[in-house]
Amino acid sequence: MSENGAVDAEHMGSDLEKVLLTEDQIRARLDELAARIWADYQGKDLILVGVLKGAVMIMADLMRAMPGTVPMDWMAVSSYGSGTKSSGVVRILKDLDTDVSDKHVLIVEDIVDSGLTLSWIQANLASRQAASVEICTLLRKPDAAKVDVPVKYVGFDIPNEFVVGYGLDFAERYRNLRCVGTLAPHVYA
């Protein structure tokens, strides 16, 4: 661990193939996104909706970067499919505690790959009479898209590789890694 006790890339040994984004790059981009979001929603009734569990780190840092307070809520969903492939068939495991009718909803995600689950979440929240439903994601894999999901705020477009860190996991491991990196194939093979 580093001086402050944080899990960094050097603690990953051979599990991490390469670092795609450093903690500093991520924080700087989240600061930029927070400023844009704050300006875009000035005077509007905004609520941030994080998708568990991956969005926890992004939500925390995005909110801390905002110059004022914004309410948040969380959803947890499960999508069915074979192994690592999503089918787009979704079940809500944890629903919102908040009524989003007439509110501007900003879904906060860690990553958009196929877009199937996120498309379902967006439609579900829109059906609850939200004033608007937009998406903010730290990472997007354009080459993995199966459906076109309009994402208003994108941190970084990345290649279609298996990534971990900053909330993204493999078998519930590596979420606390402070960077985003590609997982070495021997870990998931």
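Counting from 1, residues in each chain are numbered in the order their sequence is written. A pLDDT threshold of at least 70 governs which residues receive local features in this predicted model, and a stricter bar of 80 or more applies before side-chain atom pairs are shown or counted, although totals over entire chains, interfaces and linings include all residues. Neither water nor hydrogens contribute to the side-chain values; these are computed over all heavy atoms in the structure.

Q: Explain a nonpolar patch on the surface to me, using residue names and the numbers behind them.
A: Residues qualify for a patch when their relative accessible area is over 30% and they have no salt bridge, like charges being joined within 9 Å and the nonpolar side chains of Val, Leu, Ile, Met, Phe, Trp and Tyr within 5 Å. Under the convention used here, a 1.4 Å probe and the Shrake-Rupley method define accessible areas, while residue burial counts only the protein chains that appear. One side-chain nitrogen of Lys or Arg within 4 Å of one carboxyl oxygen of Asp or Glu is enough to make a salt bridge. Taken together, the side chains of Leu52, Val56 and Met57 define a hydrophobic patch exposed on the protein surface, amounting to about 190 Å² of accessible area. Structurally, Val56 can be placed in helix α2 (residues 56-65). The buried label applies to any residue whose accessible area, calculated with a 1.4 Å probe on protein chains only, is under 20% of its type's maximum; exposed applies above 50%, and partly exposed to all values in between. Classification of Val56 as partly exposed rests on a relative accessible area of 36%. Segments assigned H or I by DSSP are reported as helices when at least four residues long, segments assigned E as strands when at least two residues long, and all are numbered from the N terminus.

Q: Please provide a residue-by-residue account of the pattern of salt bridges, values included.
A: Pairs can form between side chains of opposite charge once their charged atoms are near each other. Within the structure shown, the criterion is met by 14 salt bridges. One salt bridge connects Glu172 with Lys53, and the closest N-O pair in it is separated by 3.3 Å. Of this pair, Glu172 sits in the loop between β8 (163-164) and β9 (180-183) while Lys53 sits in the loop between β2 (46-52) and α2, and the two are 119 residues apart along the sequence. For Glu172, a relative accessible area of 47% translates into the label partly exposed. Residues participating in the shared-partner salt-bridge network are Glu23, Arg27, Asp61, Arg64 and Arg178.

Q: Please set out the sheet that holds β8 residue by residue, giving values where relevant.
A: If you walk across this open sheet you meet the three strands as β1-β9-β8, and the pairing is antiparallel. Edge strands, defined here as strands with exactly one partner in the open sheet, are β1 (16-21) and β8. Should DSSP find at least two bridges between two strands, the strands are taken to pair. Direction of pairing for β1 relative to β9: antiparallel, over a ladder of four bridges. Residue pairing across strands places Leu16 opposite Leu183, the latter belonging to β9.

Q: Account for the confidence of the model for the protein chain, naming residues and giving values.
A: Scored from 0 to 100, pLDDT reflects the predictor's confidence in each residue. Per-residue confidence for the protein chain gives a mean pLDDT of 90, with 91% of residues at or over 70. For the protein chain, per-element mean pLDDT is lowest for helix α4 (residues 185-188), which scores 85, and highest for helix α1 (residues 23-40), which scores 98.

Q: Break down the packing of aromatic side chains for me, citing the residues and quoting the values.
A: Centres within 6.5 Å make a pair out of two Phe, Tyr or Trp rings, where for Trp the six-membered ring is used; the pair is then stacked when the planes are under 30 degrees apart, edge-to-face when over 60, and tilted otherwise. For the coordinates displayed, the defined rule picks out three aromatic pairs. Between Phe162 and Phe170 the ring centres are 5.6 Å apart and the planes differ by 85 degrees, which places this aromatic pair in the edge-to-face class. Feature note: the residues Phe162, Phe170 and Tyr188 constitute an aromatic cluster, connected by ring pairs.

Q: Kindly report on the nonpolar core, identifying the contributing residues and their values.
A: Throughout this description, the term nonpolar core refers to a set of buried Ala, Val, Leu, Ile, Met, Phe, Trp, Tyr and Cys residues connected via side-chain atoms within 4.5 Å. Counting residues in each nonpolar core, the largest one holds 29 residues, and the members touching the most others are Leu30, Ile37, Leu48, Leu62, Leu106, Leu138 and Leu139. Counting only elements with at least two residues in this core, the list comes to α1, β2, α2, β5 (104-112), β6 (132-140) and β7 (153-157). Top contributing element to this core by residue count: α1, with five residues. Ile47, Met75, Val90 and Val154 belong to the second-largest nonpolar core, a separate cluster that totals 20 residues.

Q: With reference to specific residues and values, describe unusual backbone geometry.
A: Looking along the chain, the bond that leaves Leu52 and enters Lys53 is cis, with omega of 0 degrees. At Asp102, a residue that is not glycine, the phi angle is positive and equals roughly 70 degrees. Its location among the elements puts Asp102 in the loop between β4 (89-94) and β5. With phi around 50 degrees, Tyr166 is a residue other than glycine that occupies positive phi space. Along the chain, Tyr166 turns up in the loop between β8 and β9. You can call Tyr166 buried: its relative accessible area is 4%.

Q: Summarise the side chain of Asp110; cite the residues concerned and give the values.
A: Looking at the element boundaries, Asp110 is found in strand β5. Buried Asp110, no salt bridge; nearest opposite-charge side chain is Arg175, N-O distance 5.3 Å. Contacts are residue-level and defined by heavy atoms, with any inter-residue pair within 4.5 Å sufficient. Once residues lying within four places of it in the same chain are set aside, the contact partners of Asp110 are Gly54, Ala55, Ile58, Thr137, Leu138, Leu139, Gly167 and Leu168. Note that His is not counted, nor are the chain ends; the positive residues are Lys and Arg, and the negative ones are Asp and Glu.

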